[in-house]
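Tertiary structure, described
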Amino acid sequence: MPINAGPEYLNAEKEYLNSVSVEDKIYWLEEMIKKAPKHKSSENFLAELKTRLKKFREKAEKAAKKSKGKKGIRKEGFQFVLVGKTNSGKSLLLSRLTNALPKVASYHFTTLKPEIGTFDFDGVKAQVIDLPSIGSENFDSGIVNTADCLLIVVENLEDMAEIDSFVKRNRGKKIVVFNKSDKFSDVELRKIRERMKSRKIEGVIVSAMTGRGVDELSMMMFGVMGMIRVYLKEPGREAKGEPMVLNERAKVKDVAEKIFKGFSEKVKEVRLTGPSGKFPNQKVGLNHELKDKDVVEFHVR
Ligand SMILES: Nc1nc2c(ncn2[C@@H]2O[C@H](COP(=O)(O)OP(=O)(O)OP(=O)(O)O)[C@@H](O)[C@H]2O)c(=O)[nH]1
Ligand SMILES: [Mg+2]
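Just so we're clear, the structure is a prediction, and the values are computed from it rather than from any experiment. (Residues numbered from 1 in each chain as written. Chains lettered and ligands numbered in written order. Predicted model: local features only at pLDDT ≥ 70, side-chain atom pairs only at ≥ 80, totals over all residues.)

1. Here's the deal with the overall build of the chain
Quick reminder of the rule: Helix and strand labels come from DSSP, where a helix needs a run of H or I of at least four residues and a strand needs a run of E of at least two; each type is numbered from the N terminus. The globule rule used for comparison is 2.2 Å times the number of residues to the exponent 0.38, while the radius of gyration itself is calculated over C-alpha atoms. Exposure is read from a count of other C-beta atoms within 10 Å of each residue's own; the residue is exposed at 12 or fewer, buried at 20 or more and partly exposed in between. C-beta atoms are placed from the backbone. Note that contacts rest on C-beta atoms placed from the backbone: two residues are in contact if these are within 7 Å.
Across its full length, the chain carries 9 helices and 11 strands. In terms of overall dimensions, the chain is more spread out than a globule: its C-alpha atoms have a radius of gyration of 25 Å, far above the 19 Å expected for 301 residues. Taking the principal axes of its C-alpha atoms as reference, the chain extends roughly 80 × 50 × 45 Å. Looking at the 301 residues of the chain, the share that counts as buried comes to 25%. A fraction of 59% describes how many contacts in the chain between residues 6 or more apart in sequence connect residues 24 or more apart.

Shown next as structure tokens:
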């Protein structure tokens, strides 16, 4: 340690020492170099850090070359990644949440490579990735770091601290999924729920085995995605079919543009029923901001 090292340096050094993956080592070494005091007597020390960094970068490059031929995962749209300790039930959850059928088994480290599934919430789609467990040599912190939302799967709240150190660099949202709730009594579950609440843990209690809580989890996932579903209806008919999926805060205009493809001036009148309306069948303008589950009716010239 160089003399006069500040707390930021010390923290980076601690993270560096705790890092497992080469990627994380590189990240924290860079931070150490940035935060190290720059004075005459720390020159040698800095040079040593830079040599170490160079070695790790070479190692990472070699690994990247080696893995090139392998099928990688292309991030498509919104991406959720399941992270947790081995045997916590990530793969069974993936099969509950998506169309994927990954291998599920009671022995440890069953999942050896990332598995992909498609989450489909009433037409709103997202990618869900089941990752090899933390502690597995196939754990991929690259995927964790770039995920839009992590689903942190635990069998008890104490595991969260351990998982935390593997997900620090992710800047997205996190949902804690307390799995295997079928193993607990209602009284125990109430206590767990209270503890989550008092610790301000954003999460949900589920059982991948029985399916309990999976709908609630799906709703939370949908909420995190920042999308809304808007249903279209023709005058004098019931709303039917798949919803149109739009970004939160989309306006009536955005729907019109999608349907009339640049001819939204054809729209004479818009009627709206749903959460964004003051009353059913309200007359709204093109600049009206929509909410999830709105039903829109266009009258054209
Ligand atoms: N009782 C109960 N068992 C579960 C539940 N979810 C998963 N399991 C069981 O836990 C074991 C591990 O499940 P997996 O889905 O393979 O766990 P994983 O997190 O993918 O673990 P690895 O890939 O092996 O690291 C299996 O025997 C599952 O049947 C649950 O909600 N309740
Ligand atoms: Mg698995």
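2. Observations concerning the domain arrangement of the chain
Quick reminder of the rule: Just so you know, the domain bounds were taken from an automatic or database domain assignment. Under this grouping Gly is polar, as are all residues other than the nonpolar Ala, Val, Leu, Ile, Met, Phe, Trp, Tyr, Cys and Pro and the charged Asp, Glu, Lys and Arg.
Along its sequence, the chain is organised into domain 1 (7-66), domain 2 (79-225) and domain 3 (227-300). Between domain 2 and domain 3, the C-alpha centre-to-centre distance is 35 Å. Facing the 4 residues of domain 2 at the interface are 5 residues of domain 3. Residue composition of the side of domain 2 that touches domain 3, grouped by class: 2 nonpolar, 1 polar and 1 charged.

3. Regarding the pairing of strand 7 (residues 227-233)
Put simply, the test is: The criterion for strand pairing is that DSSP finds at least two bridges linking the strands in question.
The pairing of strand 7 with strand 8 (residues 244-247) spans 4 bridges and is antiparallel. Within the sheet, the bridge partner assigned to Ile 228 lies in strand 8 and is Leu 246. Bridge analysis of strand 7 against strand 11 (residues 294-300) gives 4 bridges, and the strand direction is parallel. From the neighbouring strand, Val 230 faces strand 11, where its bridge partner is Asp 294.

4. Regarding the site of ligand 1
Inclusion rule: The criterion for a residue being near a molecule or strand is simple: its C-beta atom, placed using the backbone, must lie within 6 Å of it.
Near ligand 1 lie 23 residues; those nearest to it are Gly 89, Ser 91, Thr 110, Thr 111 and Met 209. Per-element tally for the shell around ligand 1: the top contributor is helix 4 (residues 90-97), with 3 residues. When its residues are assigned to classes, the shell around ligand 1 shows 6 nonpolar, 13 polar and 4 charged.

5. A closer look at the sheet that holds strand 1 (residues 79-84)
As a reminder of what qualifies: Axes, fitted as lines to C-alpha atoms, cover a helix only where it is in contact. Angles between the N-to-C directions of the axes lie from 0 to 180 degrees.
A sheet is described by the order of its strands in space; here 6 strands give the open sequence 2-3-1-4-5-6, paired in mixed fashion. Lying at the two open borders of the sheet, with one neighbouring strand each, are strand 2 (115-121) and strand 6 (203-205). The sheet shows a mean angle of 25 degrees between the axes of neighbouring strands, taken without regard to direction. When strand 1 meets strand 3 (residues 124-130), the two strands line up parallel, connected through 4 bridges. Paired with Gln 79 across the bridge in strand 3 is Gln 127. On the sheet, helix 4 packs against strand 1, strand 2, strand 3, strand 4 (149-154) and strand 5 (173-178) and is oriented at approximately 160 degrees with respect to strand 3. Sheet strands touched by helix 6 (residues 159-167): strand 1, strand 4 and strand 5. Its angle to strand 4, the strand with the most contacts, is close to 150 degrees.

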